[in-house]
Structure formats: structure tokens, C-alpha cells
Amino acid sequence: MKTGGEIEPAPGNATTDHWRAILRALIEAILAFEHPAFPAIGIEEVERPLLRDFSLAAEGGATFRAGLAALDEAFAAQAGIGAPFPAAPLAARRAFLRRWVRSEAPMQRRFYARVKAMVLMTAYGLPVLARAIGHEGRQ
Amino acid sequence: MTSTSIECDVLVIGSGAAGSVLAATLAELTPLRIVLVERGGYFGREAMTQRELQMIQRLYADGGARTTDDGAIAVRGGECVGGGTTVNVALCLDPVPRIWDGWRRERHLTGFSFDRDASDLGVPGLNMAACLAEVRARLNVHEPDDAEVNENNRLFARGCRAAGIGARKFELNMRGCVGCGFCFAGCAIDAKQGTMVTYLQDAVARGVTLVHHCAIDAIDFEGEGGARRAVGARGRIATTREGSRPNPMPEGLVRFRAGLVIVSAGAIESPALLQRSGHPDPHGTIGRGLVLHPSLGIVGIFDHDVVASAGIEGTMYSDQFVASHGFFLQCLFAPLGAGAATLPGFGPEHFELMRQVRRLGTFGIMLLDSVGDDNHVVWDQALERARIIYRLSMADRARLRFAAERGVEVMFAAGAKEVLLPSEEALPPLDTPWFNDRSQAALCRQLPFGPATVLGSSHCQGTAKMGEDPATSVVDSRCESHHVRNLVVCDSSSFPSSCGANPMVSILTLARYQGRRLAAERARYGL
């Protein structure tokens, strides 16, 4: 049985920073920070509670980390941008993510669904974003 | 690493809909020493924060990320004390006598009488009707008041009526619900009467030992051939996670020695446990014939506020097409984040849709899928997890297309101005199934149900089927293994096919029935 928790990168660890850079790039792609009605919050205001409620290093994190790495590698090999996923333009990241939505590879579709759910559950749990769409939020 | 040995008379593996009832019933009717183990944590109401991502990590198998192997169906399951009854939305449908009669006839099952005066298997007063009545009373199953039917459910009922389809109220296992809309993330006020707050409390009050965070690696057997019997199990107790109630046992290796082993880990984990334990399987029946009740959401955009999140999520449903086409329409609405995740797309287009959240109404289709031998659960030793291999049959796809078409019609009939499905697949001439006119419902006949359509499942069944023929079943009418003595498998995996309804009450009733039988027949197990 996998018990998880085998990897607990220290803050500032280069590998952790790499995963987090990809995750931040995904948060930006999945949400709509550029939309005029989107509240004035930054990526970190979503990333922080997401990593509070889902530890990249804990149980279940291994599969997710593998997904982050696979996305980054596939982007480098296929997107033709000449930049890693976190550094690529927003439009290029979104276009690439759309390819994973209808991908023939189950791992890619599963990862897309998972990261989308994680980001949206966290983001819409923020009172400021819930209010921005007219929702009362948590009771 | 600490190693603990525990002696007991009965070991129950899994604390969900079946395990808690079995433990409580045996504790009520016998003086046996009972241990109930649960792989997940014990998260009581004090831990139900309504932070969706956190609660999914705490309460669901694989942190909510479990899917079929092809990623086409999200297979949700509670992995916590109370199991699925902790995370479901309290919808109660009674066992369907027609289905059970069919199982008795086709699989030569004995017992399971719905006659209140029957004494099945020679046990005085044992019958399904009596057990169902007890379960309903303990869970406070009741019909909600009209005032508890929110606008989303009222619109659904109106749409059904306008489309010439019958709709009726669900019964719910609730007591004092305030309609916060976070059922799926665990009830923060114990209004939901799942087994964690009912049968489990009864069990513990009567001396049952609950061990949580305990993953069972394997059941232990002794003897060979026809003399093979279950004598216990071994596993590991993990560190108690933040938010969980404390564990009575230390973390580390654990070995249980028991006179009777009952497996109630659900239709994914029960067969996986049997497989990795080396349970004999000469006919390849363990894990075969998985049923999922695949579900598909229907989303409507109205020109007025619906505020579907206000009030009880699900109070209305339609069984109009159950007999003819094998599907339900059931009204539900997910919390904000989970709902956002099911809507198609991302980025600005998704946000535009979310800005209309007050005007969104939803309900779902639940297909009673057929049994196919290719659909199965298999323990993968290399991956160290159960794999779920499942594809909709051609006939089931056709029924789901028909259901989607009816669902879109109902949503338009309810007054929606636009209707969409949670799919990112092209539906020519549309980019995605997003309709702005009722006439477009007919396009559902072309739905591919490919991998970019997100179907859901919360009702896994049928992977350790009951039947008197060992060539086609894993357990007999007593839920006893055909091949291993003193081993009972009793949960939704025991159903030979779809139970024909949301399965919670059927599972609890089966468990109450087998619990009563086990108590009366304990000498059969040397107890």
C-alpha cells in the first residue's frame, strides 16, 4: 500500500519551486484574472489555500506531481513555443491545455479534470470570488 | 514499527453503509467481541469545514480523484467512517422488490422475502420488510415538507409536468437540515443521518471497537480446499490525519485474529481485497460485472434567479423512464466549487458562465446500467491500487442518449433559455452540447460519450455477486464465500446487478438482514 508522505520537499527546494511554478501557470490559465469582472486577487491568493488543503508532498500528491511534470514535458516537446510551460504566454498555455481536454491519453484527461477541479474548488471557496458572481458562499 | 495484535470474535472491514449496520446489529443481538476497521479517517461534524478541496481529500477515496481506467467516469466513493453515507446527499429510495425477486429467481437465492410475516432461512421474523422498516426508522427516512423544496427542484418538477413526465418527492435521511448545500462535503451539523451518526454510534455504545486509518493488506486464511477458512486479517494503521478523531490503536502494523471475517469495503475495495488476499477464484468471478449507475448532468440557464444552492440539494425526482428505459431523472445541485468543476471549459468563457450561477438550474440523469463481464475491478499489485475497467455498452449508450434528449427537453420545458451538458466534446453542428432551442435536443441522439464527456458514478455495485452457483457468483444467499468458510462479503458488491435505485437503503437493509441472520446462526461459525 502507498502511504504517501514520502516526499516532503523543504521550502525553497528547487524541485518544489518547479512544481509550484507549473501549478501557478495552470491557476492563471484556468481562472480569468484578466476578465474585468474578476476580483482583484493574485495567483498566490488561490495557490496558498490550494496548497493548504492539498499537500503536493502528501498522499495522492505523487500522481499529481507526475501530472505536472508530464504537462511540462509534453508542452516543451509539442507546443513549439521555445519556452517552458510556466514561462509561456497565457494564450499558448490555454491552447495546450485544451488539447488535453480531448486527448486520447487517459492520463492527460484525468490530470486536466483533476487540476481544474482543484483550482476551481479552491478559487470559488474564496468569499471575494463567490461574491463577485453573486453567490453567498459557505454557510 | 509498532506491531499490534487484536483478538476478536468478528472482524468487520469497512464502516460504511453495510459495515456499520452489521457491527451494530451483531452488537445489539449478541455478546460477541466485534472490531470494525475503516481505512479512512474519523471526521466528525467538527471537522466538516465546507472547504471543498480539503473535505474531498479527507473523505473520498483517492482524494476524490478516482476514475475508471480510461478517465471517462469519475468514480466517487466515501473513504471515511460512515463511507458513502457520510458524503452522499441523503436521497433514499427503498429496495425494489421486483429486482430482488428477479435475483431470487435467476440466481436461485433463498430468503430475501418482502413478506412482513416471513421467517427466512428458519430465523424467526427474518425478512427484508422488517429490516427495511428498522433501517428507515433509525435513519429517520421521511419525505421533506413542501417548504423544503427549493426553486431548483420546483423548476425541475414544473419542467417534468410540462413535458408530460411524472415527478415526485424523494425521501431523505435527515433530521434538522438547514439546507447549507454542502452534503457532499460531509454534514457540519449532523443533520444527515448517515451511519456515522446512527448505526456506528449504536455499535460503539454497545462495545464495538472502531479502528480507523487502518488499511487491510490481506485476509488471513488457514487450511486448504474445502477446509479453507478465514481466521483474521493483517494491515497497517496510519498516522491519524489532522481533523480526525483519535484512534484507539497505535499506528503501525496490526494483525487481527477473528472467528468470522466480514468484508464490507464497497464494490471497488471488497473485490480488490479478496484478490490480493489470494481468495480462490476458479471461475474468475471476483470483481466481474461491475455496475456504476453512470450519471450525466443537465444544466439550464434561466432568465431569472434560481439560486439553486439555497436549500436542500435534492428533493424531487422522476422515475417515469425506469421501467421502459432504465434511468432516473434526479434533481441535484453541487456546491459552488464542485459545480464549477463540472461546467465545461476554463478561463474567461468559464468565468462568464459562473457569473450566471444564480440563474443556473441543474438536475441529473442516473442510468441503471447493465451487467457486462468486461466491466470489472482488478487489484493491480504493481500500482498497489484497484483498477476500474469500464466501458458503456452500446445498448447503454443508446439509453443514455435517449435520457439526455429527454433531460434537455425537460430543462427547456422548465423555462431554461439555454441548456448545456457537462461535456467538452463536439456535437456537430455545435462545438459542444450547448443548446439554445428545444428543437436541438434531438442532437443528443448523436452524443458520442467519448472521454471528454464527464460522467459521474457514486453507486458501484455487483463485483462479488450473490448466487447459489459458484460459477457465476462469489457469495451465496448468506453472503458467505463459496470457497472460504467463516468469510462473509456483504455490501453493494453483493448485488448481482443494479439494485434499481440509489443503493444506500438497499445496502443498509441487506446488512441489517444479514446481521440479524448472523446473530441467529452464530453457531454456524463456531461463535
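*Asks:* I tried to follow the overall build of chain A on my own but got confused; where do I start?
*Replies:* Looking only at helices and strands, chain A features six helices and zero strands. Relative to its full complement of 139 residues, chain A shows a buried share of 35%. For chain A, contacts bridging at least 24 residues in sequence account for 60% of all contacts bridging at least 6.

*Asks:* Just checking my understanding: could you explain helix H11 (residues 347-354) of chain B for this structure?
*Replies:* Side chains of residues three or four places apart in an α-helix project in the same direction, reflecting 3.6 residues per turn. Considered for burial, the residues of H11 of chain B that qualify are Gly347, His350, Phe351, Leu353 and Met354 of chain B. In an axial view of H11 of chain B, the angular spread of the buried residues amounts to 155°, which keeps them on one side of the axis.

*Asks:* I keep staring at the pairing of strand S1 (residues 3-13) of chain B and nothing clicks. Help me out?
*Replies:* Within a regular strand, the side chains alternate between the two sheet faces. Residues and elements named next belong to chain B. Bridge count for S1 against strand S11 (residues 252-263) is ten bridges, and the pairing is parallel. Considered in S11, the bridge of glutamate 7 is made with arginine 257. Pairing geometry for S1 and strand S2 (residues 34-37), over four bridges, is parallel. Its bridge partner being in S2, valine 10 is matched across the sheet by isoleucine 34.

*Asks:* Looking at this structure, how should I read the interface of chain A and chain B?
*Replies:* Many descriptions give the size of an interface as the accessible area lost when the pieces come together. Chain A puts 36 residues into the contact, and the matching count from chain B is 38 residues. Put simply, the parts of the chain that give the side of chain A that touches chain B at least two residues each are helix H1 (14-30), helix H2 (44-53), helix H4 (90-101) and helix H5 (106-123) of chain A. Looking at the side of chain A that touches chain B element by element, the count peaks at eleven residues for H5 of chain A. Tallied by class, residues from the side of chain A that touches chain B come to 18 nonpolar, eight polar and ten charged.

*Asks:* Explain the nonpolar core here, please?
*Replies:* Ranked by internal contacts, the top residues of the largest apolar core, which has 214 residues, are Val119 of chain A together with Leu11, Ile34 and Ile262 of chain B. Lining this core are residues from two domains, each supplying at least three of them: domain 1 (3-140 + 185-289 + 464-525) and domain 2 (146-170 + 295-368 + 393-448) of chain B. When sequence neighbours within four positions are dropped, the list of residues in contact with leucine 11 of chain B reads Val35, Val37, Gly232, Ala233, Phe256, Ala258, Val261 and Ile262 of chain B.

*Asks:* I'm lost on the domain arrangement of chain B in this one. Help?
*Replies:* Residue and element names in this part refer to chain B. The domain boundaries assigned to chain B delineate domain 1 (3-140 + 185-289 + 464-525) and domain 2 (146-170 + 295-368 + 393-448). The C-alpha-based centres of domain 1 and domain 2 are spaced at 33 Å. The partner domain 2 presents nine residues to the seven residues of domain 1 that form the contact. Within the side of domain 1 that touches domain 2, the residues separate by chemical class into four nonpolar, two polar and one charged.

*Asks:* How do you make sense of the environment of aspartate 53 of chain A when you look at a structure like this?
*Replies:* With respect to the helices and strands, aspartate 53 of chain A occurs in helix H2. A count of 20 C-beta atoms within 10 Å places aspartate 53 of chain A in the buried class. The spatial distance from the C-alpha of aspartate 53 of chain A to the C-alpha of threonine 122 of chain A is 8.5 Å, given a sequence separation of 69 residues. If sequence neighbours within four positions are ignored, aspartate 53 of chain A has contacts with Thr122 of chain A together with Arg51, Leu53, Gln54 and Gln57 of chain B.

*Asks:* What's the story with the confidence of the model for chain A in this structure? I'm lost.
*Replies:* When pLDDT drops low, the exact placement of atoms in the prediction is not to be read closely. Put simply, chain A has an average pLDDT of 86, and 86% of its residues get 70 or more. Note on residues 1-11 of chain A: pLDDT is under 50 here. Beyond four places in sequence and across chains, it has 17 contacts.

*Asks:* What am I meant to see in the packing of helix H5 (residues 128-138) of chain B against helix H13 (residues 504-520) of chain B here?
*Replies:* Relative orientation and spacing of two packed helices are given, respectively, by the angle between their axes and the distance between those axes. Residues and elements named next belong to chain B. One way to put it is that H5 packs onto H13 with a least axis distance of 9 Å and a crossing angle of 115°. As H5 packs across H13, the resulting crossing turns out to be right-handed. In this structure, H5 uses Met128, Cys131, Leu132, Glu134 and Val135 to contact H13, whose residues at the interface are Val505, Leu508, Thr509, Arg512, Tyr513 and Arg516. Across the contact of H5 with H13, the residue classes tally to seven nonpolar, one polar and three charged.

*Asks:* Sorry if this is basic, but what is going on with unusual backbone geometry here?
*Replies:* Across residues other than glycine, the phi torsion is negative in most instances, and most of the peptide bonds are trans. Residue and element names in this part refer to chain B. Residue proline 429 follows proline 428 across a cis peptide bond; omega there is 5°. By the secondary structure assignment, proline 429 is in the loop between strand S18 (418-420) and strand S19 (434-435). You will see that aspartate 62, though not glycine, has its phi angle at about 55°, which is positive. Relative to the helices and strands, aspartate 62 is located in the loop between helix H2 (52-59) and strand S3 (73-75).

*Asks:* Sorry if this is basic, but what is going on with the packing of H2 of chain A against H5 of chain A here?
*Replies:* Residue and element names in this part refer to chain A. One can describe the packing of H2 onto H5 by two numbers: an axis separation of 9 Å at closest approach and a directional angle of 110°. Relative to H5, H2 is oriented roughly perpendicular. Relative to H5, the crossing made by H2 is right-handed. Counting all contacts with H2, which are made through Val46, Pro49, Leu50 and Asp53, the residues of H5 involved are Met118, Val119, Thr122 and Ala123. Along the lines of polarity and charge, the residues of the contact of H2 with H5 split into six nonpolar, one polar and one charged.

*Asks:* Which parts of the structure should I look at to understand the sheet that holds strand S4 (residues 91-92) of chain B?
*Replies:* Think of a sheet as strands paired side by side through backbone hydrogen bonds, with each pair either parallel or antiparallel. Residue and element names in this part refer to chain B. Overall, antiparallel pairing links the three strands, which are arranged S4-S7-S5 in an open sheet. Looking along the sheet, the strands with just one partner apiece sit at the ends: S4 and strand S5 (141-142). Here S4 pairs with strand S7 (residues 171-173) via two bridges, running antiparallel. Note on S7: the bridge partner recorded for cysteine 92 is glutamate 171.

*Asks:* Got a minute to help me understand helix H12 (residues 394-413) of chain B in this structure?
*Replies:* Residue and element names in this part refer to chain B. The end-to-end C-alpha distance of H12 is 29 Å, a good match for the 28 Å that 20 residues give at a rise of 1.5 Å each. Burial in H12 covers these residues: Asp396, Arg399, Leu400, Ala403, Ala404, Arg406, Gly407, Val408, Glu409, Val410, Met411 and Phe412. Two residues or fewer after H12 comes glycine 415, characterised by a positive phi angle close to 115°.

Cut-offs and rules
Residues numbered from 1 in each chain as written. Chains lettered and ligands numbered in written order. Predicted model: local features only at pLDDT ≥ 70, side-chain atom pairs only at ≥ 80, totals over all residues. Helix = DSSP H or I, 4+ residues; strand = E, 2+ residues; numbered from the N terminus. Buried ≥ 20, exposed ≤ 12 C-beta atoms within 10 Å, placed from the backbone. Contact = placed C-beta atoms within 7 Å. Arc of directions from axis to C-beta. Pairing = 2+ DSSP bridges. Nonpolar A, V, L, I, M, F, W, Y, C, P; charged D, E, K, R; others polar. Core = buried A, V, L, I, M, F, W, Y, C linked by C-beta atoms within 7 Å. Domains from an automatic or database assignment. pLDDT = per-residue confidence, 0-100. Axes fitted to C-alpha atoms, helices over the stretch in contact; angles between N-to-C directions. Left-handed = near helix turned anticlockwise from the far one by under 90°. Parallel < 35°, antiparallel > 145°, perpendicular 65-115°, else oblique. Expected span 1.5 Å × (residues − 1).

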